[in-house]
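Below are the chains, spelled out letter by letter.
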Amino acid sequence: MDGILPLWKERGQTSHDCVFKLRKILKTKKIGHSGTLDPDVDGVLPICIGKGTKIVEYLVDSGKVYTGEITLGFSTTTEDRSGDIVEQQALTRPFTKEEIDQAMKQLTGTITQIPPMYSAVKVNGKRLYEYARNNETVERPQRKAEIYSFERISEPVTHEDNTQSWRFEVSCGKGTYVRTLAVDTGKLLGVPAHMSDLTRLKSGGFSKEQSYTIAEVQKAVDEQRVSELLLPLEYGVSEFVQVTIDADLWQKVKNGMRLPFRAFGLQEHPEELVAIFYQEQLISIYKAHDKYHDMMKPVKVIRTEIGE
């Protein structure tokens, strides 16, 4: 069983929980997920099965779309609603839509983020959340993030406890901490803030509408139609430069040979990864050679037999 399963992860379970359950349901150990979701977050979680695990990293690299809620008035240890309150400030007045929109606009494009302490980023060989759990402080590395759009999608609501919240939608590149976007929005407005809700609508090229819950996967297995839920490996490289080769070149590619880029019919040295196809099947991923300008080398061999 090979392919990609767009899973809808429900709240209350970790990404690892989903993989564990699917291994039992599908009776295979070769399963991996693309892009961890926190237990409190629901949304699209692409699952790679069998040979699909060879392309999981390329799904991680793709952009993501989230919808969620920002609350002003207090911040938390985890930057979301699951953490303990670390700073609280009653709002003396509600912020206007214009003020909110202007703050969010400043967080679009290429921005710099400092990862939350409760995150899996490693510093000196140790995860940040490990430092946080031990009440240890450590200097966190700054990271670049690409924010394609970050917009308010509801009217701001003022609450009785002198907090204010609104819903947003963000389209962003890999490695973005949406929790930190919420906190940084508050900083620009001069008040503590946190992310009070989050759902991932798109990931790895998959949308909510394409996704299945674990219960739906179990039902499909019981009805012996689980193959209908799986998308081919080829879907995971749909945005790559794609080259189709003949039988002679196939013999060389499946053995992982380095080849001139012109052998693939390319007119110039490719800057991006190239997906190599034979008989409509993805067989390898190639990239430009580091030293020899006219050569390409395999990054990953996907198939060595057609029909696998």
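Residues numbered from 1 in each chain as written. Predicted model: local features only at pLDDT ≥ 70, side-chain atom pairs only at ≥ 80, totals over all residues. Heavy atoms only, no water.

Attention now moves to the overall build of the protein. For the protein, the helix and strand inventory stands at seven helices and 19 strands. Reported as C-alpha extents along the three principal axes, the dimensions of the protein are approximately 75 × 50 × 40 Å. For the protein, the proportion of its 308 residues judged to be buried stands at 48%. Placing the 41 positive and 44 negative side-chain charges of the protein at their respective mean positions leaves the two points 6 Å apart. (Helix = DSSP H or I, 4+ residues; strand = E, 2+ residues; numbered from the N terminus. Buried < 20%, exposed > 50% of the residue type's maximum accessible area, 1.4 Å probe, protein only. Lys, Arg positive; Asp, Glu negative; His and termini not counted. Charge placed at Lys NZ, Arg CZ, Asp CG, Glu CD.)

Time to look at the UniProt feature "domain: Pseudouridine synthase II N-terminal" (unreviewed entry) in the protein. In the numbering adopted here, UniProt assigns the feature "domain: Pseudouridine synthase II N-terminal" (unreviewed entry) to residues 23–178. Along residues 23–178, the helical share is 16% and the strand share 37%, with 29 Å between the first and last C-alpha atoms. (UniProt positions renumbered as here; feature names shortened; annotations may be inferred.)

Summed over all chains, the structure comprises 13 salt bridges. A salt bridge links lysine 97 to glutamate 155, with the nearest nitrogen and oxygen atoms 3.6 Å apart. With lysine 97 in helix H3 (residues 97–105) and glutamate 155 in the loop between strand S10 (143–152) and strand S11 (157–158), the pair connects residues that are 58 residues apart, well separated along the chain. Here aspartate 184 and lysine 187 are joined by a salt bridge, their closest N and O atoms 3.9 Å apart. Of this pair, aspartate 184 and lysine 187 are both found in helix H5 (residues 178–189), three residues apart, which corresponds to roughly one turn of the helix. According to the relative accessible area criterion, lysine 187 is exposed, its value standing at 61%. Through salt bridges with shared partners, a single ionic network connects Arg11, Asp42, Arg167 and Asp197. (Salt bridge = Lys/Arg side-chain N within 4 Å of Asp/Glu carboxyl O.)

What follows covers empty space enclosed by the protein. Per the counting criterion, the structure on display carries one cavity of 30 Å³ or more. A volume near 60 Å³ is recorded for the largest cavity. Lining of the largest cavity is provided by Arg11, Asp40, Val41, Asp80, Arg81, Met195, Ser196, Asp197 and Leu198. Taken together, the residues that form the lining of the largest cavity break down as three nonpolar, one polar and five charged. (1 Å grid on protein atoms, 1.4 Å probe; cavity = no way out; pocket = protein on both sides within 12 Å on 5 of 7 lines; lining within 4 Å. Points joined across faces, edges and corners; volume = space filled by probe spheres on them. Nonpolar A, V, L, I, M, F, W, Y, C, P; charged D, E, K, R; others polar.)

What follows deals with the layout of surface pockets. One number sums up the size of the largest pocket: a volume of about 1,100 Å³. In terms of lining, the largest pocket is formed by 35 residues, of which the most central are Thr36, Leu37, Asp38, Tyr177 and Arg179. Per element, the largest residue contribution to the lining of the largest pocket is three residues, and it comes from strand S13 (residues 193–203). By residue class, the composition of the lining of the largest pocket is 14 nonpolar, 12 polar and nine charged. The volume enclosed by the second largest pocket comes to roughly 330 Å³. What lines the second largest pocket is a set of 15 residues, among which Tyr58, Ser62, Gly236, Glu239 and Phe240 lie closest to the centre. Residues belonging to the lining of the second largest pocket are distributed by class as follows: seven nonpolar, five polar and three charged.

Before going further, it helps to spend a moment on the UniProt feature "domain: tRNA pseudouridylate synthase B C-terminal" (unreviewed entry) in the protein. With numbering matched to this structure, UniProt assigns "domain: tRNA pseudouridylate synthase B C-terminal" (unreviewed entry) to residues 179–237. Secondary structure within residues 179–237 divides into 34% helix and 22% strand; the distance between the first and last C-alpha atoms comes to 29 Å.

A few words on the sheet that holds strand S16 (residues 259–260). Note on sheets: strands pair through backbone hydrogen bonds, and any given pair is parallel or antiparallel. Here we have five strands laid out as an open sheet, ordered S15-S17-S18-S19-S16, and mixed in their pairing. A single partner strand is all that each edge strand has here, and the edge strands are strand S15 (241–244) and S16. Alignment of strand S17 (residues 274–278) against strand S18 (residues 281–288), held across five bridges, turns out to be antiparallel. Its bridge partner lying in S18, phenylalanine 277 is registered against leucine 282. (Pairing = 2+ DSSP bridges.)

With that settled, the discussion passes to the side chain of threonine 199. Relative to the elements of secondary structure, threonine 199 occurs in strand S13. Here the side chain of threonine 199 touches aspartate 42 through a polar contact of 2.6 Å, side chain to side chain. With sequence-adjacent residues up to four places away left out, threonine 199 is seen in contact with Trp8, Arg11, Val41, Asp42, Gly43, Val65, Tyr66 and Thr67. (Polar contact = N/O pair within 3.5 Å; in protein donor to acceptor, adjacent residues only side chain to side chain. Contact = heavy atoms within 4.5 Å.)

Let us now look at unusual backbone geometry. Residues other than glycine seldom take positive phi values, yet asparagine 135 does so here, at roughly 55°. Secondary-structure assignment places asparagine 135 in the loop between helix H4 (128–133) and S10. Classification of asparagine 135 as exposed rests on a relative accessible area of 74%. Despite not being glycine, glutamine 279 has its phi angle at roughly 50°, a positive value. Along the chain, the position of glutamine 279 falls in the loop between S17 and S18.

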